Structure formats: structure tokens, C-alpha cells
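So you can see what is in the structure, the chains are spelled out below.
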Amino acid sequence: MAAPYEQFSSKLLTYTLIFLIITSLPIYVIVFSLELITFQVFIRFVASVIPLGIVLYFIYRQTYQTLRGKVIISAYSFLLCFIVMWFIPTSNSGTIVFLFALLSLIYLDRFVTLMAGGYGILVLITHQLFNPYLLATDLLYRIVQFTLYTMCCITCISVCIIGRRIIARAQHSEKKALDNENRYRQIFELSPEANIVQIDYKIVHMNRSGLTMLGAQHLDELIGVNVFDIALPEYHEMMRTKSTDLIKGRTAVDHAELRIYKLNGEVIDVETNSISILFHNQPAILSNFRNITETKMARETINFMAYHDQLTDLPNRYQFITKLDAELRYAVHKPCSFALLFLDMDRFKSINDTFGHPQGDRLLKSFAKRLQASLQPAAFAARLAGDEFVILVPNSDADTVGTLVGPLLERLSEPFILRGQEIIVTTSIGIAMYPKDGQDADTLLIHADAAMYAAKRRGRNNYAFYSKEMNEVNLRKMMLEQDLRKALQQGELHLLYQGKKNLQAGRLIGFEALLRWTHPKFGAVSPAEFIPLAEETGLIVPIGEWVIRQVCNQINTWTQAGLSPLPVSVNLSVRQFKQDNLIDMLKTILLSTEVEPRLIELEITESVASSNFEAPLIEKLHEMKALGVAISIDDFGTGYSSLSYLRLFPVDTLKMDKCFIRNIDHNQDDLAIVTAIIGMAHSLKLQVLAEGVENETQLARLMEQRCDAAQGYLIGYPISAEEAGLLLTPVLELSNS
């Protein structure tokens with residue numbers, strides 16, 4: 001600030017003196033015309049003052065920026081003042097006071113002020129002593145002039161000191177403002193986020209990050225572009241309103257999210273923070289743009305994942321409960337009824353074990369897609385967990401739901417394709433109605449779940465409406481699940497033995513060990529009821545180990561009783577077979593009981609045998625076979641498997657499921673299936689055993705097809721170990737024969 005101020009002050013001083021010289025000429029003309037001065041005096045003034053004024057101007061042009069120049073200009077100014085006062089016919093020294101004050105206030109320099117004061121005193125003394133116009137004044141008048149001039153000097157020095165301080169502060173503030181401006185400019189230009197300045201909706205400036213964000217190479221590509229041209233149309237009105245509020249001061253800082261175009265036409269999401277500023281002394285808006293496209297996508301993904309099932313993309317349990325609660329609140333204010341459907345895929349676990357989890361996931365995704373496509377627009381479907389799905393049908397009654405569920409079951413039971421095979425999956429549906437079956441989300445879900453299990457008990461691929469009697473069934477299930485955990489310790493489990501008969505020789509060739517549970521309250525509990533519970537809870541593993549050990553102990557008991565034991569088969573569940581320590585457990589039991597391995601036959605279901613063809617499964621079966629035990633495949637023909645596994649696994653016997661045997665006496669299709677299974681097994685050198693043989697006609701058909709063995713009520717009912725011992729041949733009798 002110092003240099004511009006000094007330049008301004010020097011100019012002001014010089015122009016003022018020149019003005020005084022120029023104006024003094026007409027004054028002298030007037031004074032001369034009034035004959036107050038002589039012509040000689042006037043000529044001397046014109047000949048001396050005007051040239052000196054011109055010389056002053058040239059001195060100023062060369063020296064005004066230096067201290068020496070200030071001294072010369074000040075001395076020269078007082079010289080001119082002296083000459084003017086000498087020729088003016090007056091005793092007034094006000095011109096000196098004016099000149100002194102002018103120099104002091106313009107320069108605001110203590111040195112110049114003191115110097116000018118000295119010049120002024122010298123001029124006053126000279127005039128007081130020699131100017132003929134002042135000699136006529138009295139002494140008091142002269143003292144007053146010197147006193148006034150002295151007071152003026154003191155005042156000007158004080159003003160000079162205060163002025164310099166003000167200037168110093170102003171210079172500091174200006175420097176600080178300049179530094180801040182440079183700093184803000186650097187921040188603006190180097191910011192990693194886009195900064196855009198607009199005036200009247202036109203872009204007037206932008207930093208490098210802004211160019212990069214919009215896909216521009218040079219600033220010229222965007223200068224003058226209307227901001228509405230880069231924003232999607234739906235945001236124009238919002239932008240216009242917010243810009244007006246900022247410019248008029250109604251809003252200090254504005255935050256917004258919008259979508260804009262890049263120069264290549266790509267649309268991106270941005271977050272903006274805008275303020276009103278002055279840009280080149282014009283009202284403008286500075287906006288900070290941040291590209292949030294990826295952030296928004298991540299946010300939407302996270303939000304989708306929070307409310308949707310990751311496998312099927314259906315709404316998840318959380319979203320369904322939220323939707324159900326909203327429907328309940330709506331129903332309170334506007335009474336209406338709605339239905340909650342609970343769906344469970346029948347035998348999904350078996351399919352999952354047969355084809356593996358990746359194929360099971362594919363089936364779930366296909367099922368979910370078909371389910372969604374089969375619903376009315378108002379219905380809301382979600383996946384709860386595993387193979388459980390729910391549907392909310394608003395504004396519906398029992399009749400409406402009944403007409404909906406039938407076609408839905410048909411649509412869902414259409415074949416799916418897995419590994420190139422057609423798989424038919426049926427569904428069981430339980431239905432709870434609001435408000436009859438519950439008035440809160442938990443109650444409705446519990447009752448719909450209970451109805452679903454009732455539908456399964458009716459034969460699957462069915463639906464059932466909730467009734468209060470179902471609570472008793474569920475309560476029994478809960479009690480059985482709890483009591484099953486204590487059944488082993490309390491000795492409530494026992495084994496029965498059902499015989500197997502060789503159809504060609506007509507003799508008993510072994511037994512199958514069947515697990516039974518006598519509950520202290522409910523009495524005999526069906527295996528169809530407690531075995532699934534044991535599977536669900538994982539209790540099947542310790543129970544299965546207990547069964548194998550009991551069978552081995554019973555074989556020893558028969559041996560010690562002098563009887564010749566027959567092989568006993570034991571079922572291995574899917575969960576047991578997947579245990580890592582299965583082989584070690586079998587070894588331990590066989591060694592500890594010293595039972596001949598040939599007397600133990602392990603039955604695995606078809607779903608276990610054909611779950612996959614990986615090396616670990618084959619290795620485990622061969623390890624089992626290496627122990628000396630026999631291996632059979634139970635329920636053959638009911639799974640979803642390829643027959644190719646039969647030639648890969650060390651299997652001894654195929655057990656045909658009773659569903660094929662039940663109608664062979666009058667159903668030619670079932671008879672054809674049985675014939676095919678027997679022929680295929682014999683070609684692979686495998687034995688075939690038919691389960692569920694209950695009458696002579698069935699037995700005759702099996703013998704005609706050269707079935708090797710049979711099991712069922714016709715052959716023998718399940719009996720106790722003691723009764724089974726009566727069917728065994730004593731060792732002595734066997735040796736004699």
C-alpha cells in the first residue's frame with residue numbers, strides 16, 4: 001500500500017501547487033487592475049513564479065518516490081510560497097499554514113512534517129523582517145501568527161503519527177487480505193473436489209478437478225456454459241430456487257444432491273455445497289461438487305442387502321416384518337382382513353444333499369423367481385430362511401386365499417432343471433388370517449408355521465388354514481424335542497429287529513435294527529415323528545452311535561447264548577455320514593466289542609450316496625468297506641440321482657423303496673420299475689431287497705422277477721432282541737448240520 005499512497009500524495013501535492021500558481025495569475029491580474037500593485041511587481045511575479053512552477057512539476061516527476069525527492073519538493077514548494085507571499089500585497093501568512101498542513105497530511109511522514117515546519121518558520125521570520133507589507137503590523141499580531149503556526153505544527157505532527165499508524169495497520173490488513181486471497185485461490189485451484197463459479201447460471205470459472213470430473217481438457221470448453229445444460233431436467237426448478245435464495249441472502253449455505261451430465265453424455269451423481277460470493281465485484285455462486293456415484297451405488301447396495309435376501313433378491317425377514325407391521329397399523333385404523341402364507345419346500349434337504357449346495361442354491365433362486373412371477377401385484381413375498389418363504393396378501397379373506405393357493409401350488413410344482421434332470425419340488429403352505437388367527441406379527445407367523453406343518457402331515461404339496469388344535473401339535477413337538485435330549489440317559493430308547501428273508505432259499509438271512517422311543521407321558525412315539533426331530537437338533541449323531549454300539553453288544557449277547565448271529569443292518573443318517581470321525585467311531589466300536597465286521601451292514605440313503613461324486617465321498621465309502629462291513633443303499637428309486645454312482649461305490653445291496661412294492665400286484669408301471677431295478681442291479685452283480693412286502697401277491701411278483709430278498713410285515717414284524725434270538729440257529733445245531 002505504501003508505494004501507491006506515496007504516488008497519490010505526491011501527485012496531489014504537485015497538482016495542488018500548480019493549481020495555486022495557475023489561480024494566482026488571475027488574482028494578480030485583478031490586483032494589478034485595481035492598481036494595488038505596480039506593473040513591475042506583476043511582471044516580476046509572472047516571470048519568476050510560473051517558470052518555477054513548471055520546474056516543480058519536472059522535479060516531482062523524477063524524485064517523488066524517494067526521501068530526497070520529498071525534501072526537494074517540500075523546499076521548492078516553500079520557495080514558491082515565499083515568492084508568492086513576497087509579491088502579494090498582504091500581511092496574511094495563511095498560505096504558509098495551508099502549505100505546511102498540506103505537506104504533513106499528504107506525506108504523513110514525521111521527517112517531512114518537521115522539515116516543512118522549519119521551512120515555514122524560516123519563511124515567516126523572513127517575511128516578518130523584510131516583507132514591507134508585514135512591517136506595518138504590530139508586534140501582537142505577529143506573535144499571534146507564530147502561535148497559530150506553532151499549534152498547527154503540533155497538530156500536524158500528531159496527525160502524522162496517528163496517520164502513519166493507521167496506514168501501517170491498513171497496510172498489514174491489506175497484506176493479510178492479499179495473503180488470504182492467494183491462499184484461497186490455491187485452495188480453490190488445488191482442491192481435489194470440483195469447484196465451480198457461476199454468474200447468472202453461466203459458468204465463469206472452474207478448477208482443474210472440475211474439468212476432470214466433467215471430462216473437459218480446457219477451461220474454454222466450459223466457460224459460458226449454462227448450468228442447466230449439465231444438469232438433468234428434473235433438477236432445474238430446484239437449482240433455480242436455491243440459487244435465488246443464495247443470491248438474495250435467504251440461505252447462507254446450500255446442500256443438494258443431483259445428477260449431471262459429463263461432456264461425453266455420461267450421467268453421474270454429485271453432492272454440492274454452495275455459497276454466495278463476489279467474483280470480480282459481481283454476485284456469484286461458488287459450488288463445491290463431489291462425485292458420489294460410487295458412494296451412492298455402494299449405499300444403495302448396502303441398503304438393498306439390508307432389506308433383501310442375498311441369494312434370491314427377494315425381501316428378507318427384516319423387510320417382511322416391517323411390511324407386516326405397517327399392514328397391521330393400517331388395519332387398526334381401517335379395519336380389514338389379510339392373509340399370511342408360510343411356504344416350505346418339501347424334501348428340499350434331500351435335494352440339497354443329492355445335488356450339492358450350489359445346485360440347491362440354484363433351485364432356491366429359480367423357486368423364488370417363479371414364486372414372485374406367480375403372485376398378484378398387491379401380494380408381498382419374502383424369504384425367511386433356508387427353504388422357508390412367506391407371502392402377505394392384503395385385503396383378502398379365506399375364500400380369496402383359497403382360490404389363490406391352488407393355482408400357486410400347481411405353478412410351483414412344475415419341473416425344475418438341475419444338472420440336466422427334471423426335478424419336481426412340491427410345497428406345503430400354512431395360512432393364518434388377520435385378525436382371526438392373530439393380531440401381531442409374531443403370533444401370525446407362529447400360527448402360519450403351525451398350519452404349514454399341518455399341511456405337510458396331510459401329505460405335502462398341500463395347504464392348510466390355521467386352527468387352534470394345531471397349537472397342541474406344536475406343543476407336543478416342542479416337548480418331544482426337549483425330552484429327546486434326555487431319552488438316551490433315561491433309557492427310553494430301545495431297538496427292535498425286523499427279519500430279512502432270502503426268497504430263493506426261503507430262509508432268514510439277517511435283521512434290520514429299528515429304533516423305538518417309549519415316552520414316559522406320550523407312550524410309544526413313532527419314528528416318523530422323532531427321527532426328523534433328532535435330525536433337526538443334531539441328536540441323531542449320538543443316538544446313531546448308541547444304536548451301532550447296542551447292535552454290536554446284542555450280537556455278542558446272542559453269541560454268548562450259543563446262537564449263530566445273522567448280519568444286522570443299521571441306518572446311517574445324512575448327518576452321521578457327514579461326520580469327519582465316522583470311520584474312527586466305527587473302528588472303535590468294532591474293536592471294543594470284538595464283533596466280526598461281516599455281521600454289520602450299514603444302510604445309507606440314496607440321497608447320501610449320490611450327493612456328489614467327489615473323492616472324499618468315494619474314499620469314505622471304501623474306508624467303510626475296508627473295515628469288513630457290508631454297505632447297502634436304502635430307499636432306492638426315490639432320490640434324484642444318477643445311476644452312474646452305483647458302479648463307483650462299493651455297494652453290496654439295493655433296497656427298493658416300499659412305494660414301488662405297494663402296487664406291483666395291480667399296477668404295471670410299478671412292476672416295470674421293479675423289474676428294471678432288479679435287472680440293472682443283477683447286471684452290476686448287486687443283491688436286491690424289496691421293502692414293505694405285505695401280501696403273498698407282492699411276494700409272488702417279486703419271486704417271478706428273481707428278487708433276491710424281501711422285508712416287511714409278511715416276512716415278519718419288528719420284534720425284541722429276545723424274540724429275534726429265538727429265530728437264530730444254535731451253534732451246536734449248525735455245526736451238526
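Refer to the structure above for everything that follows.
All of these numbers come straight from a predicted model, not from anything done at the bench. (Residues numbered from 1 in each chain as written. Predicted model: local features only at pLDDT ≥ 70, side-chain atom pairs only at ≥ 80, totals over all residues. Heavy atoms only, no water.)

Q: Can you explain the overall build of the protein chain? Please cite residues and give values.
A: Of regular secondary structure, the protein chain possesses 28 helices and 23 strands. Out of the 737 residues belonging to the protein chain, those deemed buried represent 45%. Counted over contacts in the protein chain with a minimum sequence separation of 6, partners at least 24 positions apart contribute 65%. Summed over its atoms, the accessible surface of the protein chain is roughly 38,100 Å², and 58% of this surface lies on carbon and sulfur atoms. (Helix = DSSP H or I, 4+ residues; strand = E, 2+ residues; numbered from the N terminus. Buried < 20%, exposed > 50% of the residue type's maximum accessible area, 1.4 Å probe, protein only. Contact = heavy atoms within 4.5 Å. Areas by Shrake-Rupley, 256 points an atom, 1.4 Å probe, with all protein chains shown as cover.)

Q: Got a sec to walk through the packing of helix α19 (residues 540-560) against helix α21 (residues 582-593)? Specific residues and values, please.
A: Where α19 meets α21, the axes come as close as 10 Å, and the angle between the chain directions of the two elements is 25°. When the axes of α19 and α21 are compared, the pair comes out roughly parallel. Handedness of the α19/α21 crossing: right-handed. Contact with α19, carried on its side by E545, I548, R549, C552, N553 and N556, involves M585, L586, I589, L590, S592 and T593 of α21 and no other residues of that element. Along the lines of polarity and charge, the residues of the contact of α19 with α21 split into six nonpolar, four polar and two charged. (Axes fitted to C-alpha atoms, helices over the stretch in contact; angles between N-to-C directions. Parallel < 35°, antiparallel > 145°, perpendicular 65-115°, else oblique. Left-handed = near helix turned anticlockwise from the far one by under 90°. Nonpolar A, V, L, I, M, F, W, Y, C, P; charged D, E, K, R; others polar.)

Q: Describe the sheet that holds strand β2 (residues 202-206), with residues and values.
A: Read across the sheet, five strands follow the order β2-β1-β5-β4-β3 without closing on themselves; strand pairing throughout is antiparallel. The open sheet has two edge strands with one neighbour each: β2 and β3 (253-261). The mean inter-strand angle of the sheet, taken between neighbouring strand axes irrespective of direction, is 35°. Alignment of strand β1 (residues 194-199) against β2, held across four bridges, turns out to be antiparallel. (Pairing = 2+ DSSP bridges.)

Q: Run through the pattern of salt bridges, naming residues and quoting values.
A: Evaluated as defined, the whole model comprises 24 salt bridges. Between E257 and R299 there is a salt bridge, with the nearest N and O atoms lying 3.8 Å from each other. Placement of E257 in strand β3 and of R299 in helix α11 (residues 293-307) is noted, with a sequence separation of 42 residues between them. Here K262 ties to E266 by a salt bridge, and the two come within 3.7 Å at their closest N and O atoms. Residue class for E266 comes out partly exposed when judged on its relative accessible area of 40%. One salt-bridge network, in which partners are shared between bridges, spans K500, E512, E601, E603, K655 and E691. (Salt bridge = Lys/Arg side-chain N within 4 Å of Asp/Glu carboxyl O.)

Q: Which residues make up the packing of helix α16 (residues 441-457) against helix α17 (residues 469-487), and what values do they have?
A: Between α16 and α17, whose axes approach to 9 Å, the crossing angle comes to 85°. Classified by the interaxial angle, the pair formed by α16 and α17 is roughly perpendicular. Along the contact surface, α16 presents H447, A450, A451, Y453, A454 and R457, while α17 presents M470, N471, V473, N474 and K477. A breakdown of the residues in the contact of α16 with α17 according to their chemical character gives six nonpolar, three polar and two charged.

Q: Can you tell me about the sheet that holds strand β11 (residues 427-434), naming the residues and giving the values?
A: Ordered in space as β7-β8-β6-β11-β12, the five strands form an open sheet in which the pairing is mixed. Here the strands that pair on one side only, and so sit at the sheet edges, are β7 (380-385) and β12 (463-465). Looking at each pair of strands side by side, their axes are set apart by 20° on average, direction ignored. By the bridge criterion, eight bridges tie strand β6 (residues 338-345) to β11 in an arrangement that is antiparallel. If you follow A339 over to β11, its bridge partner there is M433. Where helix α14 (residues 357-373) meets the sheet, it contacts β6, β7, β8 (388-393) and β11, and its direction lies at approximately 10° from that of β8.

Q: Kindly report on the packing of aromatic side chains, identifying the contributing residues and their values.
A: Applying the stated rule across the entire model yields 11 aromatic pairs. Taken together, a centroid distance of 6.3 Å and an interplanar angle of 20° make the contact between F320 and F380 stacked. Residue F320 is found in helix α12 (residues 317-333), and its partner F380 is found in strand β7; the two are separated by 60 residues along the sequence. With relative accessibility at 16%, the residue F380 sits in the buried group. With a centroid separation of 5.7 Å and an interplanar angle of 85°, the aromatic rings of W517 and F530 are classed as edge-to-face. Residue W517 is located in strand β14 (residues 507-519), and its partner F530 is located in helix α18 (residues 527-537); the two are separated by 13 residues in the primary sequence. Grouping residues by exposure puts W517 and F530 together as buried. Ring pairs connect the aromatic residues Y497, F511 and W558, which therefore count as one cluster. Above the plane of the ring of F380 lies K323, whose end atom (NZ or CZ) is 5.7 Å from the centre. (Phe/Tyr/Trp six-rings, centres within 6.5 Å; stacked < 30°, edge-to-face > 60°. Lys NZ or Arg CZ within 6 Å of the ring centre and 35° of its normal.)

Q: Quick rundown of unusual backbone geometry? Include the residues and the values.
A: The step from Y434 to P435 runs through a cis peptide bond, and the omega angle for that step is 5°. The backbone phi angle of H280 is positive, close to 55°, even though this residue is not glycine. Within the element layout of this structure, H280 appears in the loop between β4 (267-279) and β5 (282-291). Phi at D635 is positive, roughly 55°, even though this residue is not glycine. By the element assignment, D635 lies in strand β19 (residues 630-636). Overall, the relative accessible area of 26% leaves D635 in the partly exposed class.

Q: Kindly report on the environment of A385, identifying the contributing residues and their values.
A: Looking at the element boundaries, A385 is found in strand β7. A C-alpha to C-alpha distance of 8.8 Å links A385 and D309, two positions 76 residues apart in sequence.

Q: Kindly report on the pairing of β1, identifying the contributing residues and their values.
A: One face of the sheet, then the other: side chains in a regular strand alternate in exactly this way. A large share of β1 lies buried, amounting to six of its six residues. A two-sided burial pattern is seen for β1, the buried positions comprising A194, I196 and Q198 on one face and N195, V197 and I199 on the other. Of the pairings in the sheet, the one linking β1 to β5 comprises five bridges and is antiparallel in character. Note on β5: the bridge partner recorded for I196 is S287.

Q: So what's going on with α21? Residues and values would help.
A: With 12 residues, α21 ought to run about 16 Å at 1.5 Å a step, and its terminal C-alpha atoms sit 17 Å apart, in line with that. By the burial criterion, the buried members of α21 are L582, I583, M585, L586, I589, L590 and T593. Seen end-on, α21 carries its buried residues on one side only, within an arc spanning 165°. Positive phi appears at E594, one or two residues downstream of α21, with a value of about 60°. (Expected span 1.5 Å × (residues − 1). Arc of directions from axis to C-beta.)

Q: Describe the nonpolar core, listing the residues and the values that go with them.
A: Membership of the largest hydrophobic core comes to 75 residues, with the highest contact counts inside it found for Y497, V551, W558, M624, M656 and L702. Looking at this core element by element, the count peaks at eight residues for α19. Among the nonpolar cores identified, the runner-up in size contains 32 residues, and A368, A381, V393 and F416 belong to it. (Core = buried A, V, L, I, M, F, W, Y, C linked by side-chain atoms within 4.5 Å.)

Q: Quick one: what's the story with the pairing of β11, residue by residue and with numbers?
A: Here β11 lies mainly inside the structure; eight of its eight residues are buried. Neither face of β11 is open: one carries T427, I429, I431 and M433, the other S428, G430, A432 and Y434, and all of them are buried. Note that β11 and β12 share three bridges and pair parallel. Looking across to β12, one finds that I431 is bridged to F465. Tracing the backbone out of β11, into α16 and back to the parallel element β12 gives a crossover that is left-handed. (Right-handed = clockwise from strand over helix to strand, strands pointing away.)

Q: How would you sum up the side chain of Q576? Please name residues and give values.
A: As for its position among the elements, Q576 is in helix α20 (residues 574-577). A polar contact is formed between the side chain of Q576 and the backbone nitrogen of S573, at a distance of 3.1 Å. (Polar contact = N/O pair within 3.5 Å; in protein donor to acceptor, adjacent residues only side chain to side chain.)

Purely geometric stuff here, so don't read any function into it on its own.
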